[in-house]
Amino acid sequence: MVRESIQSKNHKEMMSQKTLMDNINRDDVWDSAKHDYASILLETYDSEDTRKFLWDKFKTTGDYYYCSILKG
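Residues numbered from 1 in each chain as written. Predicted model: local features only at pLDDT ≥ 70, side-chain atom pairs only at ≥ 80, totals over all residues. Heavy atoms only, no water.

Now for the confidence of the model for the chain. Residues of the chain with pLDDT of at least 70 account for 82%, and the chain-wide mean is 88. In the model of the chain, helix 1 (residues 2-6) stands out as the element of lowest mean pLDDT, 61, in contrast to helix 4 (residues 48-61), which has the highest, 98. (pLDDT = per-residue confidence, 0-100. Helix = DSSP H or I, 4+ residues; strand = E, 2+ residues; numbered from the N terminus.)

Here's what the structure looks like:
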């Protein structure tokens, strides 16, 4: 549901890599939204830097979601 809101048809501009990373790092964003941002980040900006960011996020938070999407 959060992801649908993020990628709604009314949201015509693609979020930048920096915006997605910033949103993942924010304290006032729910984990479910962070997971959606992480999935969008990996699907849209798959690179070594993106994968390192998500791996480091897993290591610092212990949130296995970040690790699991890297395996997919």
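Counted according to the given criterion, the structure contains five salt bridges. Here Arg 51 ties to Asp 46 by a salt bridge, and the two come within 2.8 Å at their closest N and O atoms. As a salt-bridge pair, Asp 56 and Lys 52 come within 2.7 Å of each other at their nearest N and O atoms. Of the two residues, Asp 56 and Lys 52 are both situated in helix 4; the distance of four residues between them amounts to about one turn of the helix. Lys 52 sits in the exposed class, given a relative accessible area of 51%. A single network of salt bridges, built from pairs that share partners, joins Lys 52, Asp 56 and Lys 59. (Salt bridge = Lys/Arg side-chain N within 4 Å of Asp/Glu carboxyl O. Buried < 20%, exposed > 50% of the residue type's maximum accessible area, 1.4 Å probe, protein only.)

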